[in-house]
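For reference, the chains in residue letters:
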Amino acid sequence: MDNVIQLQKKLVDYKTSLFNEGILDDQFTQLQQLQDESNPDFVVEVVSLFFKDSERLFDELAKTLDQQNVDFNRLDAHVHQLKGSSSSIGAQRVQKVCILFRNYCEVRNIEECLKCLQQLKREYYFVKNKLETLFKLEKQIMEAGGTIPVQ
Amino acid sequence: MSGGSSSLGNVSRISALIVDDDPVIRKLHSAMLKSLGIQFQLAVNGKEAVDLYRSGANIHIVFMDMEMPVMNGMEATKELRAMGVSSIIVGVSSRCSDEEREEFISAGLDHCYAKPLTVAKIKSLLEGIKY
């Protein structure tokens with residue numbers, strides 16, 4: 001049971017740090033509040049969907065930026081979608097880069113758009129890593145017979 | 001958070017339609033409606049929403065995304081109102097400017113909110129639906 005208590009504390013501290021560092025925002029808390037006995041894997045399911053859809057959008061963005069005549073409307077539409085889905089799971093830093101990216105789409109600056117895509121990927125893989133660690137900790141607690149603490 | 005709320009009356013008789021091309025938003029808004037005990041259908045673009053109504057669907061409230069391929073939220077809202085649809089249509093958008101929001105509202109929306117919605121917002125929209 002000591003192990004469970006230690007793991008639970010580790011999880012709470014880890015989650016708190018994600019919010020304090022601006023990696024996640026209150027929208028992630030909204031997701032957690034929608035998870036219940038009838039929907040026990042809801043957060044993992046939504047976040048997994050976000051991962052899958054984001055990686056698809058990164059491919060589309062790279063393809064669009066690779067064209068001889070870049071279609072900035074198409075580029076903007078993809079970034080807009082990524083902005084929406086990142087905000088819906090509380091991935092605040094990803095969302096902020098999307099806002100910057102859209103500004104550069106508006107002024108049709110290819111060089112800055114390319115930099116934004118790289119920055120977007122960095123922020124995305126960073127939050128992906130953090131969320132995967134979070135889910136691993138939760139799984140460890142459940143496997144040790146504990147419950148996930150509610151903050 | 002599961003089941004309906006007594007302040008909404010017999011919520012199982014309310015039917016909703018979520019129109020959004022983003023699978024993450026569809027899943028999130030679906031879970032919110034499910035947590036309130038609301039029946040719902042999904043459409044991935046405005047055309048699917050319009051086709052649902054043409055096929056005779058009885059829907060009390062529509063959550064309409066603004067930007068979608070094939071037919072966007074503005075076009076779909078105009079089309080539905082031209083068809084005589086009187087359902088509550090709530091625009092849901094991550095567009096920021098007041099001008100874009102006003103343009104969307106003028107297409108025939110009853111309300112317009114930034115996405116993603118919250119359970120509290122949805123609940124306040126459902127109160128007073130006549131069914």
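The structure we're discussing is the one just above.
## Things to note about unusual backbone geometry
With an omega of 0 degrees, the peptide bond running from Lys115 of chain B to Pro116 of chain B counts as cis. Looking at where Pro116 of chain B falls in the secondary structure, it is placed in the loop between β5 (111-114) and α5 (119-126). In the Ramachandran plot, Arg108 of chain A falls in the positive-phi region, its phi being about 55 degrees despite a non-glycine side chain. One can find Arg108 of chain A in the loop between α5 (92-106) and α6 (110-143). Taking the relative accessible area as the measure of exposure, Arg108 of chain A reaches 54% and is therefore exposed. Non-glycine residue Val70 of chain B carries a positive phi angle of around 70 degrees. Secondary-structure assignment places Val70 of chain B in the loop between β3 (61-65) and α3 (73-82).

## Quick notes on the pattern of salt bridges
Inspection of every chain in the model, using the stated rule, returns 16 salt bridges over all chains. Close ionic contact of Glu123 of chain A with Arg93 of chain A constitutes a salt bridge, the shortest N to O distance being 3.0 Å. Pair noted here: Glu123 of chain A is in helix α6 and Arg93 of chain A is in helix α5, with a separation of 30 residues, a long-range link. Residue Glu123 of chain A is classed as buried on the basis of its relative accessible area of 16%. Here Asp51 of chain B and Lys47 of chain B are joined by a salt bridge, their closest N and O atoms 2.8 Å apart. Of this pair, Asp51 of chain B and Lys47 of chain B both sit in helix α2 (residues 46-54), 4 residues apart, which is roughly one turn of the helix. Residue classification places Lys47 of chain B among the partly exposed residues on the basis of a relative accessible area of 40%.

## Examining the packing of α2 of chain B against α3 of chain B
What describes two packed helices is the angle between their axes and the distance between those same axes. All names here are of chain B. It is the contact of α2 with α3, at a shortest axis distance of 8 Å, that shows an interaxial angle of 15 degrees. Considering their axes alone, α2 and α3 lie roughly parallel with respect to each other. Crossing handedness for the pair α2 and α3: right-handed. Between α2 and α3, the contacting residues are Gly46, Val50, Tyr53 and Arg54 on the first element and Ala76, Glu79 and Leu80 on the second. Of the residues contributing to the contact of α2 with α3, the split by class is 4 nonpolar, 1 polar and 2 charged.

## Some details on the packing of aromatic side chains
Residue and element names in this part refer to chain A. Throughout the structure, instances matching the rule amount to 5 aromatic pairs over all chains. Centroid distance Phe50 to Phe51: 6.1 Å. Interplanar angle 50 degrees. Geometry classified as tilted. Overall, the relative accessible area of 0% leaves Phe50 in the buried class. What makes Phe51 buried here is its relative accessible area of 9%. Through successive ring pairs, a cluster of aromatic residues spans Phe50, Phe51, Phe58, Tyr124 and Tyr125. Here Lys128 stacks its cationic end above the ring of Phe51, 5.3 Å away from the centre of that ring.

The rules behind these values
- Residues numbered from 1 in each chain as written.
- Chains lettered and ligands numbered in written order.
- Predicted model: local features only at pLDDT ≥ 70, side-chain atom pairs only at ≥ 80, totals over all residues.
- Heavy atoms only, no water.
- Helix = DSSP H or I, 4+ residues; strand = E, 2+ residues; numbered from the N terminus.
- Buried < 20%, exposed > 50% of the residue type's maximum accessible area, 1.4 Å probe, protein only.
- Salt bridge = Lys/Arg side-chain N within 4 Å of Asp/Glu carboxyl O.
- Axes fitted to C-alpha atoms, helices over the stretch in contact; angles between N-to-C directions.
- Parallel < 35°, antiparallel > 145°, perpendicular 65-115°, else oblique.
- Left-handed = near helix turned anticlockwise from the far one by under 90°.
- Contact = heavy atoms within 4.5 Å.
- Nonpolar A, V, L, I, M, F, W, Y, C, P; charged D, E, K, R; others polar.
- Phe/Tyr/Trp six-rings, centres within 6.5 Å; stacked < 30°, edge-to-face > 60°.
- Lys NZ or Arg CZ within 6 Å of the ring centre and 35° of its normal.

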